[in-house]
Amino acid sequence: MSVETVKAYFSQYGIADKIQEFPVSSATVALAAQALGCAPEHIAKTLSFKQKKAERVILIVTAGDAKIDNAKYKVRFNERALMLKSDEVEATVGHPVGGVCPFAIPSTIAIYLDESLKRFETVFPACGSSNSAIELSIADLERYTNFDTWVDVCKDW
């Protein structure tokens, strides 16, 4: 199970016990916010994209209320945004749709953090399942994701 992989990943940092698992789904921003009792924008959603030119997959972690701005994405990555199809996600990233997170993923996948997250002290990314999350400060999110860089590819936040 993917959440077990994330727990094992976080155990090396001594924070596996901070993972919250819910008796209800947290597979969408709205459901996660409801399960956690927080505002939707505090959910750190992880989106997966296929980059054809670079022949790679990337993850972009954004605030729950942010949307990918196709023009900004194209300027930053030199191609249009193309999300992985739902049936490709788990096989490629290692986590199912609804539980995709930037933890315990293949080293070939680059991770980017979107500027929309910087306005919060803490955020709640999923932890590999459709009913899990962890509260992390922005500094901890940076530390535990092995991210490449911050990007500005979102709008409407």
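Residues numbered from 1 in each chain as written. Predicted model: local features only at pLDDT ≥ 70, side-chain atom pairs only at ≥ 80, totals over all residues. Heavy atoms only, no water.

Engineer: Just checking my understanding: could you explain the overall build of the protein chain for this structure?
Structural biologist: When its secondary structure is counted, the protein chain shows 5 helices and 10 strands. Taking 15 Å as the expected radius of gyration for a compact globule of 157 residues, we find that the protein chain reaches 14 Å, a close match to that expectation. With respect to the principal axes defined by its C-alpha atoms, the protein chain has extents near 40 × 30 × 25 Å. Residues counted as buried form 48% of the 157 residues belonging to the protein chain. One way to put it: in the protein chain the 17 positive side-chain charges average out to a point 7 Å from where the 20 negative ones average out. (Helix = DSSP H or I, 4+ residues; strand = E, 2+ residues; numbered from the N terminus. Rg over C-alpha atoms; globule rule 2.2 N^0.38 Å. Buried < 20%, exposed > 50% of the residue type's maximum accessible area, 1.4 Å probe, protein only. Lys, Arg positive; Asp, Glu negative; His and termini not counted. Charge placed at Lys NZ, Arg CZ, Asp CG, Glu CD.)

Engineer: What should I look at first to understand a positive patch on the surface in this one?
Structural biologist: Where like charges cluster on the molecular surface, the positive patch consists of K52, K53, K74, R80 and K85. Structurally, the position occupied by K53 is in the loop between β2 (43-51) and β3 (56-63). (Patch = residues over 30% accessible without salt bridge, like charges linked within 9 Å, V, L, I, M, F, W, Y side chains within 5 Å. Areas by Shrake-Rupley, 256 points an atom, 1.4 Å probe, with all protein chains shown as cover. Salt bridge = Lys/Arg side-chain N within 4 Å of Asp/Glu carboxyl O.)

Engineer: Explain helix α3 (residues 70-77) to me, please; I cannot follow it from the model alone.
Structural biologist: One turn of an α-helix holds 3.6 residues; hence residues three or four places apart share an orientation. Of the residues that open α3, the one with a side-chain oxygen 3.0 Å from the backbone nitrogen of A71 is D69. Trailing α3 by a residue or two, N78 shows a phi angle of about 65 degrees, which is positive. (Polar contact = N/O pair within 3.5 Å; in protein donor to acceptor, adjacent residues only side chain to side chain.)

Engineer: What is the right way to look at the side chain of H95 in this model?
Structural biologist: Positionally, H95 belongs in the loop between α4 (86-93) and β5 (110-114). At 2.7 Å, the side chain of H95 and the backbone oxygen of F103 are in polar contact. Every residue in contact with H95, bar those within four places of it in the chain, is listed here: S2, V6, V89, E90, V100, C101, F103, A104, I105 and G128. (Contact = heavy atoms within 4.5 Å.)

Engineer: When you look at the sheet that holds strand β6 (residues 122-125) in this model, what are you seeing that I'm missing?
Structural biologist: Two pairing modes exist for strands in a sheet, parallel and antiparallel, and in both the strands are linked by backbone hydrogen bonds. In spatial order, the strands read β8-β6-β2-β3-β5-β9; together these 6 strands make up an open sheet with mixed pairing. Of all the strands in the sheet, just β8 (136-137) and β9 (149-151) have a single pairing partner and so form its edges. Across 2 bridges, the pairing between β2 and β6 is parallel. The residue bridging I43 from the neighbouring strand is F124, located in β6. (Pairing = 2+ DSSP bridges.)

Engineer: I would appreciate a short explanation of the environment of S137 in the present structure.
Structural biologist: Here S137 is to be found in strand β8. Those residues in contact with S137, other than ones at most four positions away along the chain, are E121 and T122. Within polar-contact distance, the side chain of S137 engages the backbone nitrogen of D140 at 3.0 Å.

Engineer: How do you make sense of the state of the cysteines when you look at a structure like this?
Structural biologist: Throughout this description, disulfide means a covalent bond between two cysteine sulfur atoms. Evaluation of the coordinates by the stated rule reveals 0 disulfides. Of all cysteine sulfurs, the one in C127 lies closest to C38, which takes part in no disulfide; the gap is 13 Å. With no disulfide partner, C101 has as its closest neighbouring cysteine sulfur the one in C127, 5.9 Å distant. (Disulfide = S-S within 2.5 Å.)

Spatial relationships are all this shows, so hold off on functional conclusions.
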